[in-house]
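This is what each chain is made of:
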Amino acid sequence: MAKVLSLYGGDVHLEFDDKAHAYFWREKGLPVAGVTSILSVLNKPALVQWAANCAAEYIANAYVAARENGGELEPTAFLSLCQEAKTAHRKLSSEATDIGSAVHAFAEKVLIDRRASLPADEKAAKGCAAFLDWFHAHKVEPIHVERMVFSRRWYYAGTVDMFGRLDDELCVLDFKSSSGLYLEMILQLAAYSVALE
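Residues numbered from 1 in each chain as written. Predicted model: local features only at pLDDT ≥ 70, side-chain atom pairs only at ≥ 80, totals over all residues. Heavy atoms only, no water.

Trainee: Go over the overall build of the protein, please, and point to the residues and values.
Mentor: The helix and strand inventory of the protein stands at six helices and seven strands. Mapped in sequence order, the helices and strands of the protein form the string β-β-β-β-α-α-α-α-α-β-β-β-α. Relative to its length of 197 residues, the protein is extended, with a C-alpha radius of gyration of 21 Å against a globular reference of 16 Å. Projected onto the principal axes, the alpha-carbon positions of the protein cover approximately 70 × 40 × 30 Å. Across the 197 residues in the protein, those meeting the buried criterion constitute 27%. Long-range pairs, those at least 24 residues apart, make up 48% of the contacts in the protein with a sequence separation of at least 6. When the accessible surface of the protein is summed, it comes to about 12,800 Å², and 57% of that surface belongs to carbon and sulfur atoms. Side-chain charges of the protein comprise 20 positive and 26 negative groups, with the mean position of each set lying 5 Å from the other. (Helix = DSSP H or I, 4+ residues; strand = E, 2+ residues; numbered from the N terminus. Rg over C-alpha atoms; globule rule 2.2 N^0.38 Å. Buried < 20%, exposed > 50% of the residue type's maximum accessible area, 1.4 Å probe, protein only. Contact = heavy atoms within 4.5 Å. Areas by Shrake-Rupley, 256 points an atom, 1.4 Å probe, with all protein chains shown as cover. Lys, Arg positive; Asp, Glu negative; His and termini not counted. Charge placed at Lys NZ, Arg CZ, Asp CG, Glu CD.)

Have a look at this one:
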């Protein structure tokens, strides 16, 4: 389903196609690059190491499981295991994305309705509880939640998780469930701020 937002005094109608996960400038009939797509080209050396660690951990866990069951890995089984390990990071990434989506949906509901039910998934529920701790520790006054933004000058679009006041200061927020802070997160917020201005 497509969402449409009128911007720049009605001169721009920005459309977001949820299925294609793409932005379009209706009047021009042109696609608009999304902030996260633009930032995806940044070098992320930590991800390379993470993927390598996932493969090593996958092999180590299978080896330990085989030993605990009183067995050894035959050469063909070991080679098969190594082949499977090459894609272990994709499964973990998919699981993390699912958890992040659940936490994001929960945060959005809390910001709009001031209440939401914790998800059944234990890891997602833990992330939601952390969000609630943060939410209750601050004065949070949303002006917009899930607001599309567009920079006509720099020709990019995105969707801000929350624009509003945080402890009486005007802020642009994008909620993350990752275990660290990365350069692209700062650049994403900066891009949203420029588009909002």
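Trainee: Provide a residue-level description of the side chain of D174, including the pertinent values.
Mentor: As for its position among the elements, D174 is in the loop between strand 7 (169–173) and helix 6 (183–196). Within polar-contact distance, the side chain of D174 engages the side chain of K176 at 2.7 Å. Contacts of D174, omitting those with residues within four sequence positions, involve T159, D161, Q188, L189 and Y192. (Polar contact = N/O pair within 3.5 Å; in protein donor to acceptor, adjacent residues only side chain to side chain.)

Trainee: Which residues make up the pattern of salt bridges, and what values do they have?
Mentor: This model, assessed by the stated rule, comprises six salt bridges. The partner of R26 in a salt bridge is E15, and the shortest N-O contact between them spans 2.8 Å. Pair noted here: R26 is in the loop between strand 3 (22–25) and strand 4 (30–34) and E15 is in strand 2 (residues 12–17), with a separation of eleven residues, a long-range link. Note that K176 is salt-bridged to D174, the shortest N-O span being 2.7 Å. What emerges from the salt-bridge pattern is a single network uniting K139, E141 and D168. (Salt bridge = Lys/Arg side-chain N within 4 Å of Asp/Glu carboxyl O.)

Trainee: Describe the nonpolar core, listing the residues and the values that go with them.
Mentor: Core analysis: the biggest nonpolar cluster contains twelve residues, these being V103, F106, A107, V110, L111, C128, F131, F135, V140, M162, L166 and L173. Breaking this core down by element, the ones donating at least two residues are helix 4 (88–113), helix 5 (122–137) and strand 6 (156–166). Top element by residues in this core is helix 4. It accounts for five residues. (Core = buried A, V, L, I, M, F, W, Y, C linked by side-chain atoms within 4.5 Å.)

Trainee: An account of unusual backbone geometry is requested, with residue identities and associated values reported.
Mentor: Here the phi dihedral of Y8 falls at roughly 50°; this positive angle occurs in a residue that is not glycine. With respect to the element layout, Y8 can be found in the loop between strand 1 (2–7) and strand 2. Even without being glycine, H21 reaches a positive phi, approximately 50°. Relative to the helices and strands, H21 resides in the loop between strand 2 and strand 3.

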